Amino acid sequence: MDSDIRFLEKLRQEITSGKLEWIGLRTERRGEIKIVEHAEALVGLGLEGDHRCLKTPGSARQVTIISREYIHQIAQQLGKDFIDPVSLRRNLVISGMNLNLLRFQRLQIGEAIFETSALCDPCSRIDENLGKGAAAAMYGYGGLCAKIIQGGHIAVGDAVIRLRPVKSPIPASLNLFDT
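Presented here is an overview of the structure given in this document. Only a predicted model underlies this, so the values are computations on that prediction, with no experimental measurement involved.

Comments concerning helix H1 (residues 2-13)
Piece 1. With 12 residues, H1 extends 17 Å from end C-alpha to end C-alpha; this agrees with the ideal 16 Å at 1.5 Å per step.
Piece 2. Within the span of H1, buried status applies to Ile5, Leu8, Glu9 and Arg12. The buried residues of H1 occupy one face: seen down the axis, they fall within an arc of 100°.
Piece 3. Turning to H1, the residues buried within the fold contact strand S11 (159-163).

Here's what the structure looks like:
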């Protein structure tokens, strides 16, 4: 149990910085995605201009993050050469980092600090956008939900840096290694 956690932490220490590739704001639930080059991250709320800012403050799903590598994997499973991030309805696309190791971690992007939490599973909207079977192809590759711990400006091209944990990287209630 402790050795599994130490091993994961060792792997996380080897993660190099990634890059913020894309920002999308969902102006309303089921609404259009507005692609922007920069955004303001608001502590406890989400990205300014995104409908999540109007939801319950403090939610763990203020921002959704997916990787370019996950998008490529989803495209391969669907037999596509390319998937537009708009179709996946996530807020941020990053590259160069293994999202599987970034769950329950803090990431700095630009001036803002995000704390990742739950997996961001696909919804039925994905099948509507990409065709039947898309949600199944995306399952496990939907990215992560995150909340904003420190607000600030973020912009496409910013480095994505994993910050060292200040406490246990996995909440006790979600520790999958306890038996």
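Concerning the state of the cysteines
Piece 1. Using the criterion set out here, one finds 0 disulfides in the structure.
Piece 2. Of all cysteine sulfurs in the structure, the one in Cys145 sits closest to Cys120, which takes part in no disulfide; the separation is 4.1 Å.
Piece 3. Using a relative accessible area of 5% as the deciding quantity, one classes Cys145 as buried.

With respect to helix H2 (residues 68-78)
Piece 1. Inspection of H2 places Tyr70, Ile71, Ile74 and Ala75 among the buried residues, and these make up the whole buried set. Seen end-on, H2 carries its buried residues on one side only, within an arc spanning 140°.
Piece 2. Along its buried surface, H2 packs onto strand S5 (63-67), helix H3 (85-88), strand S6 (92-95) and helix H5 (134-138).
Piece 3. Two residues or fewer past H2, Gly79 is found with a positive phi of approximately 70°.

So, the environment of Leu47
Piece 1. Within the element layout of this structure, Leu47 appears in strand S4 (residues 46-47).
Piece 2. Considering only alpha carbons, one finds Leu47 and Ile23, 24 residues apart in sequence, at a separation of 9.7 Å.
Piece 3. Ignoring sequence-local partners within four residues, the contact set of Leu47 consists of Ile23, Leu25, Glu40, Ala41, Cys53, Val63, Asn91, Leu92, Ile148 and Ile154.

What counts, and where the lines are drawn
Residues numbered from 1 in each chain as written. Predicted model: local features only at pLDDT ≥ 70, side-chain atom pairs only at ≥ 80, totals over all residues. Heavy atoms only, no water. Helix = DSSP H or I, 4+ residues; strand = E, 2+ residues; numbered from the N terminus. Expected span 1.5 Å × (residues − 1). Buried < 20%, exposed > 50% of the residue type's maximum accessible area, 1.4 Å probe, protein only. Arc of directions from axis to C-beta. Contact = heavy atoms within 4.5 Å. Disulfide = S-S within 2.5 Å.

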